[in-house]
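Read off the chains here:
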Amino acid sequence: MTIPEYLDDILSKYSDRRVTRKITTFVERIIADTSLQLWSLSSDKAEFERYKRLLDGSLKSELDAQTLSAALREAGRDQADDQEEVVLLHDPCDIRKPYASALECLGTVRSLDGALIPGYSSFETVLVDERGRDPQPFDMSFYSTGDPHYVTEDELRFVRQGTLARQVSAERAAEIAQFLKEDSYVNLNRVFRTQLRRVSEQVKATMPNKAVWHILDRQFDGEAYAHFIDQELHDLCVI
């Protein structure tokens, strides 16, 4: 029996694969080291803190963001149902942490003057009311370039070309292969497609033929983005 099979009942309670992966890795380490002492199980202080947060319930995961996003979409659906056409504004937003250094999976973002600083990334969707009422937050996603699950578009291109092993370390290549197998990798392009599909389906759940407009800035002016909205979502867009 494998570890995931043994833990099946526990892991079934989590939808975030990163959480289940951490639980599995932690139990495998306990079995391998025949120890329950966190410090002896940990290779460094950072890993000790990760195990500690996993056990004390303070571990922050994508599950929290998913719950929040679902609540926002549900709250905004009545407003969307009440409109003949739905206009959705989408925009990435940096969460700047210029003085942070020890936060988990801390990534890199741009400051207001263009410098690279520590922080996290988000992608926001706002519902615009055609009668001029206050805009309604409708969905959001959070991710980080410092998360090992963050796979760049260049890395994905190397995978498609079969050249990844020559471009990154063997350890990183194995990580990427695992994340692709689990379908747990993340980057802005994936967040864009996932979130737009999610909000489009939410709006059209009760009225499949409702016109949905997606408004995006010039960061998304590539043909692939317009093709996705037009051909896959069957929606309208202004970029």
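Anyway, here's the lowdown on the structure attached to this text. (Residues numbered from 1 in each chain as written. Predicted model: local features only at pLDDT ≥ 70, side-chain atom pairs only at ≥ 80, totals over all residues. Heavy atoms only, no water.)

**As for the overall build of the protein**
In plain terms, the rule: Strands are runs of DSSP state E lasting at least 2 residues, helices are runs of H or I lasting at least 4, and numbering of each runs from the N terminus. Contacts are assigned to residue pairs that have any heavy atoms within 4.5 Å of one another. A 1.4 Å probe and the Shrake-Rupley method give the accessible areas. Residues count as covered only by the protein chains that appear here.
For the protein, the count of helices and strands is 11 helices and 6 strands. Taking as baseline every contact in the protein between residues at least 6 positions apart, the subset at least 24 positions apart corresponds to 60%. Entry remark: accessible area of the protein is about 14300 Å², with carbon and sulfur atoms responsible for 53%.

**Topic: the environment of serine 144**
To keep things clear, this is the line we draw: The buried label applies to any residue whose accessible area, calculated with a 1.4 Å probe on protein chains only, is under 20% of its type's maximum; exposed applies above 50%, and partly exposed to all values in between. Under the rule applied, a polar contact is a pair of N or O atoms within 3.5 Å (in protein, one hydrogen donor and one hydrogen acceptor; residues adjacent in sequence only if both atoms are side-chain atoms).
As for its placement among the helices and strands, serine 144 is situated in the loop between β4 (136-143) and α7 (153-161). Among the residues examined, serine 144 registers a relative accessible area of 6% and is labelled buried. Considering only alpha carbons, one finds serine 144 and asparagine 187, 43 residues apart in sequence, at a separation of 8.2 Å. Contacts of serine 144, omitting those with residues within four sequence positions, involve Cys105, Leu106, Gly107, Gly119, Tyr120 and Tyr150. A polar side-chain atom of serine 144 sits 3.0 Å from the main-chain amide nitrogen of glycine 146.

**So, the pattern of salt bridges**
Two side chains carrying opposite charge are able to pair once their charged atoms lie near each other. Stated formally: Salt bridges, as used here, are contacts in which a Lys or Arg side-chain nitrogen is within 4 Å of a carboxyl oxygen on Asp or Glu.
For the coordinates displayed, the defined rule picks out 8 salt bridges. A salt bridge links arginine 172 to glutamate 175, with the shortest nitrogen-to-oxygen separation between them at 3.1 Å. Of this pair, arginine 172 and glutamate 175 both sit in helix α9 (residues 170-182), 3 residues apart, roughly one helical turn. Owing to a relative accessible area of 15%, arginine 172 belongs among the buried residues under this scheme. Its relative accessible area of 27% is what places glutamate 175 among the partly exposed residues. With a closest N to O distance of 3.9 Å, glutamate 232 and arginine 193 form a salt bridge.

**Notes on the packing of helix α10 (residues 188-203) against helix α11 (residues 223-232)**
The following threshold applies: Note on geometry: axes are lines fitted to C-alpha atoms, helical ones only across the stretch in contact, with angles between N-to-C directions running from 0 to 180 degrees. Relative orientations are named as follows: roughly parallel for angles under 35 degrees, roughly antiparallel for angles over 145 degrees, roughly perpendicular for angles from 65 to 115 degrees, and oblique for any other angle. Two helices crossing with the near one rotated counterclockwise from the far one by less than a right angle form a left-handed crossing, whereas a clockwise rotation gives a right-handed crossing. The nonpolar class holds Ala, Val, Leu, Ile, Met, Phe, Trp, Tyr, Cys and Pro. Asp, Glu, Lys and Arg form the charged class, and all remaining residues, Gly among them, are polar.
With their axes 12 Å apart at the nearest point, α10 and α11 run at an angle of 25° to one another. Taken together, the axis directions place α10 and α11 in an arrangement best described as roughly parallel. By crossing handedness, the relation of α10 to α11 is classed as right-handed. For the pair α10 and α11, contact is made by Asn189, Phe192, Arg193, Leu196 and Arg197 and by Ala224, Tyr225, Phe228, Ile229 and Glu232, respectively. Its residues assigned to classes, the contact of α10 with α11 shows 6 nonpolar, 1 polar and 3 charged.

**Some words on the nonpolar core**
The line we're drawing: Take the buried residues of types Ala, Val, Leu, Ile, Met, Phe, Trp, Tyr and Cys, join any two whose side-chain atoms come within 4.5 Å, and each joined set is a nonpolar core.
Membership of the largest hydrophobic core comes to 14 residues, with the highest contact counts inside it found for Phe123, Phe192, Leu196, Leu216 and Phe220. Mapped onto this core, the elements with two or more residues apiece are α10 and α11. Aside from chain neighbours lying at most four places away, what touches leucine 216 is His90, Phe123, Phe192, Leu196, Ile229, Val238 and Ile239.

**Some points on the side chain of serine 111**
Turning to its location among the elements, serine 111 is positioned in the loop between β2 (107-110) and β3 (116-128). Engagement of the side chain of serine 111 in a polar contact is seen with the side chain of aspartate 113, the distance being 2.2 Å.

**Some thoughts on the pairing of β3**
Going by this rule: Two strands pair if DSSP finds at least two bridges between them.
Where strand β1 (residues 85-96) meets β3, 10 bridges bridge the pair, whose relative direction is antiparallel. In the sheet register, isoleucine 95 faces β3, and the bridge partner there is tyrosine 120. With antiparallel pairing between neighbouring strands as the criterion, β2 and β3 make up a hairpin whose turn holds 5 residues, including glycine 114 at a positive phi of roughly 90°. When β3 meets β4, the two strands line up antiparallel, connected through 7 bridges. Directly across from valine 126, in β4, lies its bridge partner proline 137.

**Here we look at α11**
Filter applied, for reference: To be clear, the arc concerns the directions from the helix axis to the C-beta atoms.
The set of residues buried in α11 consists of Tyr225, Phe228 and Ile229. Taken around the axis of α11, the buried residues stretch over an arc of 90°, which confines them to a single face. Elements in contact with the buried residues of α11: α10, β5 (211-215) and β6 (236-238).

**Looking at the packing of aromatic side chains**
As a reminder of what qualifies: Any Phe, Tyr or Trp ring, taking Trp's six-membered ring, that has another such ring centre within 6.5 Å forms a pair; planes under 30 degrees apart are called stacked, those over 60 apart edge-to-face, and the others tilted.
Overall, the coordinates contain 7 aromatic pairs when judged by the stated rule. Between phenylalanine 123 and phenylalanine 220, the aromatic rings sit 6.0 Å apart at their centres with planes inclined by 65°, giving edge-to-face as the arrangement. Of the two residues, phenylalanine 123 sits in strand β3 while phenylalanine 220 sits in the loop between β5 and α11, which places them 97 residues apart along the sequence. Like phenylalanine 123, the residue phenylalanine 220 is buried in the burial classification. Between phenylalanine 192 and tyrosine 225, the aromatic rings sit 4.7 Å apart at their centres with planes inclined by 75°, giving edge-to-face as the arrangement. Taken as a pair, phenylalanine 192 in helix α10 and tyrosine 225 in helix α11 lie far apart in primary sequence, 33 residues in all. Take phenylalanine 192 and tyrosine 225: they sit in the same class, and that class is buried. Put simply, the rings of Phe123, Phe192, Phe220, Tyr225 and Phe228 touch in pairs and so form one group of aromatic residues.

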